[in-house]
Amino acid sequence: MYQWDFGILWSYRWLFLNGLGVTVGFTVVIVVCGLLFGLLGAFGSLSRFRGLRLAALAFIEAFRCTPILVQLIWFYYALPILAGVEMTPITASALALSLYGGSFYSEIIRGGIVSIDKGQSEAGAALGMTPGQSMRRIVLPQAIKRMIPALMNHSIIQFKNTSLVSVLAVPDLVYQSQVAAHDSYRPLETYTAVAVAYAAILIPLTIIVRRGEKRLAVSE
Amino acid sequence: MSETNNTSKIEIRSLRKSFGNNEVLKNINLDVAKGGVVALIGPSGSGKSTLLRCINLLVVPDGGSVRVGDTRFAFGDGAKLPDVKTLARFRATTGMVFQHFNLFPHMTTLQNVMEGPVTVRRMAKADAEKLARAQLAKVGLAEKAGQYPATLSGGQKQRVAIARALAMEPDVMLFDEATSALDPELVGEVLNVMQQLASEGMTMVIVTHEIAFAREVADRLIFMRDGVVVEEGPARQVIDNPQEAATRAFLSHFHRTGALPAANATP
């Protein structure tokens, strides 16, 4: 029978905290950048111009339909050879994760925009609004409400996806716990603690999201 | 392009429109005098809604010309399509009321009515609010200013939609089956507002199935079928004494299924 000993993890607490900080900070960066890529992808895919639509579609499908682990490795090892730019593991993984997230955000944002009844933008146009005005004043405010739950949901997935950056030796929570596990010979305790740490952050977040969804549903 | 000492407010010449292979409008001509009220009737698929939407260019015609007031657009061979700014400016002078209201659900009633003046006409908020409250009072909904559309009845929603269109102080009002989505008992309140507008001299084009209302309020009636005007003339004359067999067939169907009695539609 295995003897659990969680006490031993205490001496690695600073390592864990450090890793957790990197994980959270990294998530903030890739969610913000991902949303920007997502916005570009969504408006690109809805553009009147065919070239823009095709470019957006190529971006979305390329990142949506390949595994993020492969993308991470490819951005770090293959891209520098192809493009001739050296990237630190952090830059490479932030870029890959942001683009990967952006491809999903694009579809969420695009879907939110097209889900708004065509009569809404028609009513805007009939009042004399330009397409830009009716997008800003009429369509987006309604669409964003519908997007928020899905955007939050995917951001939660992105938070967990940051665990993959450990393969490029980015010192996130998973990477640091690998160090701790090798050092202490206590991988079971270590990874259990890591799982608890992720859950401890995400469960409150999901509760907030669910509350928010309910409030949005009422106001609609 | 502009001209005109012409008395007609709306002038449509040889208008054509197809959706794919389906020719919806075939060479339509239409004049609406200033202050005139024209009712467009016809079976579904006759092209009457498309014609109405061509008047404010929500649907861009394939050929022919559309003039409202002093602004004229020509379409078809060699004609350049108007850019979005020109279109927007043109549409700001025509009000439209939709079958399904299309109120903005994320705004209160007051904000709905203020939206056009504030965003399109760049009016100061305080002035726009005054204007919007006056329009809401006009349709009898002053006390609903702070409510969201979801809390209103269908008839109230449509009256707000009319107030929203009127807040742009348009020259022309277009009604696209404004009462077709309403419960029967709510139709009257919307028709009342429309009748009041007509009596104030608003130029109106009304796509409707309310034959009794059209007879009462419209001065001209146009019966369309399969993308052509089959018959037109003074509303009472066409309704009471249709000349074409197709018109007779369509109108008799209405009488048989019991259109709203005139007394009910126009109390």
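Residues numbered from 1 in each chain as written. Chains lettered and ligands numbered in written order. Predicted model: local features only at pLDDT ≥ 70, side-chain atom pairs only at ≥ 80, totals over all residues. Heavy atoms only, no water.

## Focus: the overall build of chain A
Okay, so step 1: Secondary structure assignment for chain A yields eight helices and zero strands.
Okay, so step 2: When the helices and strands of chain A are read in sequence order from the N terminus, they spell out α-α-α-α-α-α-α-α.
Okay, so step 3: Counting across all 220 residues of chain A, residues that qualify as buried make up 41%.
Okay, so step 4: Looking at chain A alone, contacts between residues at least 24 apart form 75% of all its contacts between residues at least 6 apart.
Okay, so step 5: Counting only carbon and sulfur atoms, one obtains 70% of the accessible surface of chain A, whose full area is about 11,800 Å². (Helix = DSSP H or I, 4+ residues; strand = E, 2+ residues; numbered from the N terminus. Buried < 20%, exposed > 50% of the residue type's maximum accessible area, 1.4 Å probe, protein only. Contact = heavy atoms within 4.5 Å. Areas by Shrake-Rupley, 256 points an atom, 1.4 Å probe, with all protein chains shown as cover.)

## What to know about the interface of chain A and chain B
Okay, so step 1: Opposite the 19 residues of chain A that make contact, chain B presents 24 residues.
Okay, so step 2: In total, about 1,800 Å² of surface goes out of reach between chain A and chain B, with carbon and sulfur atoms giving 62% of it.
Okay, so step 3: Linking chain A to chain B there are two salt bridges.
Okay, so step 4: A salt bridge links Arg137 of chain A to Glu115 of chain B, with the nearest nitrogen and oxygen atoms 2.7 Å apart.
Okay, so step 5: Of all the secondary-structure elements, those providing two or more residues to the side of chain A that touches chain B are helix 5 (118–127) and helix 6 (131–161) of chain A.
Okay, so step 6: Among the elements that line the side of chain A that touches chain B, the one with the most residues is helix 5 of chain A, at eight residues.
Okay, so step 7: Residues belonging to the side of chain A that touches chain B are distributed by class as follows: eight nonpolar, seven polar and four charged. (Buried area = accessible area lost by both parts, 1.4 Å probe. Salt bridge = Lys/Arg side-chain N within 4 Å of Asp/Glu carboxyl O. Nonpolar A, V, L, I, M, F, W, Y, C, P; charged D, E, K, R; others polar.)

## What to know about the nonpolar core
A general tendency of soluble globular proteins is for nonpolar side chains to be buried together.
All names here are of chain B.
Okay, so step 1: Residues Ile162, Met173, Phe175, Met194 and Met204 are the most contacted members of the largest nonpolar core, which totals 54 residues.
Okay, so step 2: Setting aside residues up to four positions removed in sequence, Met194 forms contacts with Ile162, Phe175, Ala178, Met204, Ile206 and Phe213.
Okay, so step 3: Within the second largest apolar cluster, 41 residues are counted, among which are Ile10, Leu87, Met168 and Leu174. (Core = buried A, V, L, I, M, F, W, Y, C linked by side-chain atoms within 4.5 Å.)

## A short note on the confidence of the model for chain A
Okay, so step 1: Summing up the model confidence of chain A, the mean pLDDT is 91 and the portion of residues at 70 or higher is 98%.
Okay, so step 2: The secondary-structure element of chain A with the lowest mean pLDDT is helix 8 (residues 187–219) of chain A, recorded at 86, while helix 5 of chain A shows the highest, at 96. (pLDDT = per-residue confidence, 0-100.)

## Section: the packing of aromatic side chains
Okay, so step 1: The full count for this structure, using the stated rule, is ten aromatic pairs over all chains.
Okay, so step 2: A ring pair is formed by Phe59 of chain A and Phe63 of chain A, whose centres lie 5.6 Å apart and whose planes are at 55°; its orientation type is tilted. Here the residue Phe59 of chain A and the residue Phe63 of chain A both occupy positions in helix 2 (residues 50–64), the gap between them amounting to four residues, near one helical turn.
Okay, so step 3: Pairing Phe73 of chain B with Phe90 of chain B gives two aromatic rings, centres 4.9 Å apart and planes at 75°, and the pair type is edge-to-face. Highlighted residues: Phe73 of chain B in strand 5 (residues 71–75) and Phe90 of chain B in helix 2 (residues 84–91), separated in sequence by 17 residues.
Okay, so step 4: Residue classification places Phe73 of chain B among the buried positions, given a relative accessible area of 9%. (Phe/Tyr/Trp six-rings, centres within 6.5 Å; stacked < 30°, edge-to-face > 60°.)

## Brief notes about the pattern of salt bridges
Okay, so step 1: The full count for this structure, using the stated rule, is 22 salt bridges over all chains.
Okay, so step 2: Arg13 of chain B serves as the salt-bridge partner of Asp31 of chain B, at 3.0 Å between the closest nitrogen and oxygen. Of the two residues, Asp31 of chain B sits in strand 2 (residues 22–33) while Arg13 of chain B sits in strand 1 (residues 8–19), which places them 18 residues apart along the sequence.
Okay, so step 3: In this structure, Lys48 of chain B engages Glu177 of chain B in a salt bridge whose closest nitrogen and oxygen atoms are separated by 3.9 Å. Of this pair, Lys48 of chain B sits in helix 1 (residues 48–55) while Glu177 of chain B sits in the loop between strand 7 (172–176) and helix 6 (184–199), and the two are 129 residues apart along the sequence. Residues Lys48 of chain B and Glu177 of chain B agree in their burial class; the two are buried.
Okay, so step 4: Beyond isolated ion pairs, a larger network of salt bridges with shared partners links Glu61, Arg64, Glu107 and Arg110 of chain A.

## A look at the pairing of strand 5 of chain B
All names here are of chain B.
Okay, so step 1: With five bridges joining them, strand 4 (residues 63–68) and strand 5 adopt antiparallel strand pairing. The residue of strand 5 that forms the bridge with Val66 is Phe73.
Okay, so step 2: Here strand 4 folds back onto strand 5 in antiparallel fashion, the turn holding two residues, of which Gly69 has a positive phi close to 60°. (Pairing = 2+ DSSP bridges.)

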